[in-house]
Structures are given as structure tokens and as C-alpha cells.
Amino acid sequence: MLEKYLEAGKIAKQVREEAVKLIKPGVKLLDVAEFVESRIRELGGKPAFPCNISVNSDAAHFTPKANDERVFKEGDIVKLDIGVHVDGYIADTAVTVDLGDHENLVKAAEEALRKAIEVVHAGVNTAEISNAIYETITEFGFKPVFNLTGHGLDHYLAHAPPTIYNFRVEKGVELKEGMVIAIEPFVTNGVGKVTERGECEIYSLIALKPVRMRQARVLVEEILKKYKTLPFAKRWVKVSEIILAKLVREGILRAYPVLTEVSKGLVSQAEHTVIVEENGARVIT
Ligand code: CO
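In what follows, the accompanying structure is described. (Residues numbered from 1 in each chain as written. Predicted model: local features only at pLDDT ≥ 70, side-chain atom pairs only at ≥ 80, totals over all residues. Heavy atoms only, no water.)

Considerations on the packing of helix α5 (residues 214-226) against helix α6 (residues 241-249)
Then step 1. Axis separation between α5 and α6 bottoms out at 10 Å; the angle between their running directions is 75 degrees. Accordingly, the angle class assigned to the pair α5 and α6 is roughly perpendicular. Contacts between α5 and α6 involve Gln215, Ala216, Leu219 and Val220 on the former and, on the latter, Ile243, Leu244 and Leu247.
Then step 2. Among the residues forming the contact of α5 with α6, the class breakdown is six nonpolar, one polar and no charged. (Axes fitted to C-alpha atoms, helices over the stretch in contact; angles between N-to-C directions. Helix = DSSP H or I, 4+ residues; strand = E, 2+ residues; numbered from the N terminus. Parallel < 35°, antiparallel > 145°, perpendicular 65-115°, else oblique. Contact = heavy atoms within 4.5 Å. Nonpolar A, V, L, I, M, F, W, Y, C, P; charged D, E, K, R; others polar.)

What about the sheet that holds strand β4 (residues 89-98)?
Then step 1. Pairing in this open sheet of three strands is antiparallel, and the strands run β1-β3-β4 from one edge to the other. Since the sheet does not close on itself, it has two edges, and those belong to β1 (46-55) and β4, each with one partner. Here the strands of the sheet are splayed against their neighbours by 10 degrees on average, with no regard to which way each runs. (Pairing = 2+ DSSP bridges.)

Description of the packing of aromatic side chains
Given two aromatic rings, one states the distance between the centres and the angle between the planes to describe the pair.
Then step 1. Summed over the entire model, instances satisfying the criterion amount to six aromatic pairs.
Then step 2. A centroid spacing of 5.7 Å and a plane angle of 15 degrees characterise the contact between tyrosine 227 and phenylalanine 232, whose relative ring orientation is stacked.
Then step 3. You can call tyrosine 227 buried: its relative accessible area is 10%.
Then step 4. For phenylalanine 232, a relative accessible area of 0% puts it in the buried group.
Then step 5. For the pair tyrosine 227 and tryptophan 236, a centre-to-centre distance of 5.4 Å together with 40 degrees between the ring planes defines the contact as tilted. No difference in accessibility class separates tyrosine 227 from tryptophan 236, as the two residues are buried.
Then step 6. Here the aromatic cluster, defined as three or more aromatic residues joined through ring pairs, consists of Tyr203, Tyr227, Phe232 and Trp236. (Phe/Tyr/Trp six-rings, centres within 6.5 Å; stacked < 30°, edge-to-face > 60°. Buried < 20%, exposed > 50% of the residue type's maximum accessible area, 1.4 Å probe, protein only.)

Re the coordination of the cobalt ion
Then step 1. Ligation of the cobalt ion by protein atoms is provided by Asp92 (OD), His151 (NE2), Glu184 (OE) and Glu271 (OE), these donors lying 2.1 to 2.3 Å from the ion.
Then step 2. For the cobalt ion, the four donor atoms are set out with angles of 81 to 169 degrees between them, so the coordination reads as irregular.
Then step 3. Here the donor residues for the cobalt ion map to a single chain with the spacing D-x58-H-x32-E-x86-E. In this pair, aspartate 92 is assigned in strand β4 and glutamate 184 in the loop between β8 (180-183) and β9 (186-188), connecting sequence segments 92 residues apart.
Then step 4. Note on aspartate 92: relative accessible area 2%, which makes it buried. (Donors = N, O, S within 2.8 Å, 3.2 Å for Na, K, Ca; no water. Tetrahedral: all angles 85-135°; square planar, octahedral: opposite > 155°, others 65-115°.)

Some details on the layout of surface pockets
Then step 1. Of the volumes computed, that of the largest pocket is approximately 600 Å³.
Then step 2. For the lining of the largest pocket, the secondary-structure elements that each account for two or more residues are β1, β7 (157-164), β10 (194-205) and β12 (253-261).
Then step 3. A per-class count over the lining of the largest pocket returns 15 nonpolar, nine polar and five charged.
Then step 4. Both domains that meet at the lining of the largest pocket, namely domain 1 (2-195 + 259-283) and domain 2 (200-258), each give it at least three residues.
Then step 5. The computed volume of the second largest pocket comes to approximately 190 Å³.
Then step 6. The leading source of residues in the lining of the second largest pocket is β1, at three residues. (1 Å grid on protein atoms, 1.4 Å probe; cavity = no way out; pocket = protein on both sides within 12 Å on 5 of 7 lines; lining within 4 Å. Points joined across faces, edges and corners; volume = space filled by probe spheres on them. Domains from an automatic or database assignment.)

The structure is reproduced here in C-alpha cells:
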């Protein structure tokens, strides 16, 4: 298990570093997403979720659609969030690429992540991690995004307990040796809250129920076989919007609409996956 987590982490780190160099004005978001996803496979892993490329006020859950023509622009602040799994053992990592002059916003997220990791060891309460993140972000004069959190990772589960809040909390849960957690401060110069906007390109399987429509049944079988409970992109499956929407209504799929900052504030993010050790944290990404 440890070997697989380490392998996933190594691949995620390498792909993140390579992909960062591709993010430049004029480059298509789709080209970067496809590079990330195919490079993960080349290196012997599988994407644990579609490559997320959230720009400016978008904070999370943006992935390009098939034939997406959108390009990066001068001044953009770009969050690249990558998930890799090896036999279901997941590494989750994110970085912000600044194509403008948002240096402090980027630094605040990186510094909050660094401070948070310093606090981690077996026996620590997640409240201490949350408080370290909150202190650092507010010292920079920014706000955390209150409704986006760090999380545990489990076999084929990209978001498992515990929840690691990015703001001050009284009490969290105690971390145990061997737990795998993703710490991901989100920082904004807006009010600090994200909400769904219309666009949705990411889904995951949440329940197995009888499906009458043949096309929908074939899709569910394909998802179960290829992605299990992990999120997948609409562009990965050849199926109409209508069928996806139907499966969401029936409670078989979960939709992950793009999350955007409510006041149109800019958002930065930094994320690493760590394994909790007796005396500290082992950063695998
Ligand atoms: Co994450």
C-alpha cells in the first residue's frame, strides 16, 4: 500500500512540474489537461480525477470539455489540480500558476500549506492544521475560501474523512499514524465563499441502481469498470448530456459543477498529499 501511494505521489509531482511549464498565454486549457492525463498513464498511473484547471475566480472543478477552445490569457491566475492513482491509492496535488501580478495571493497559499505541513504528526488534532492555515492567510491580508477543504484519501476515494478546514475551528479530529491526507488551502481576495455556476464537466458514480435505458446502462457499466467511484470527465465518456443528467436525477451519478468565488474574487490554491508519521509528515507529492 505504501509503495503504491509513493508511486502515485512521484508521478503526480513529476506531471505537475512538467505541466506548469506549459501554462502560458495563448495555450489551450484542453491541451494542458490532455497532456496531464496522458502523461500520468505514460508514467504508469491513472488519473484519480479529471485534470482540474480553474482560472481566476473559478476555484475548483473546472475541466475543459471536448473540443474546448478556451486559452490562457495574460493576467490569469491558474489553479492546476492533479490526481493520480496506482491501483486505487491516490495522490492529490495542486499548484497555482500566475500569469499576472498576483504574487502575494500565490505566496499566501504556498506559505499556508508549508505551515500546515509543519504541524502534522500522529496525535495532532486537525484543528491545529486549520488554525495554522487560517493564521497564515489572514497575515497576508487575504481570506481562506471557507467552503473548500482538505480531506483524507482512501482506496478509490478521492474525498474521505477527515475534513481539514481552512479556517479557525475549535476542535477537529486526531490524526493517526499512517493516515493519508490532502491539505489544500484556498486563498482569495474576495469574500471567501464559492458557489456553483452552471457549467459541469465532472461526475462520479455514487450508487448502483437498476437502469432501464440501454444507453445509460452501458454507460454505468463502463464507469464502474474504468473509474469505479472516482470522478470522471464528460469528455472521457461518449454519451449525451441528457443521459448524464438523467443519471444524476436518479441518484446514480453525482455532478461536480464548477465552483466559483461569489464576489468574483481571485483564488489561489496549493496542495500536497502527506502520510501522517509518528513525528511528522511525509510529503508524497
Ligand atoms: Co484535494
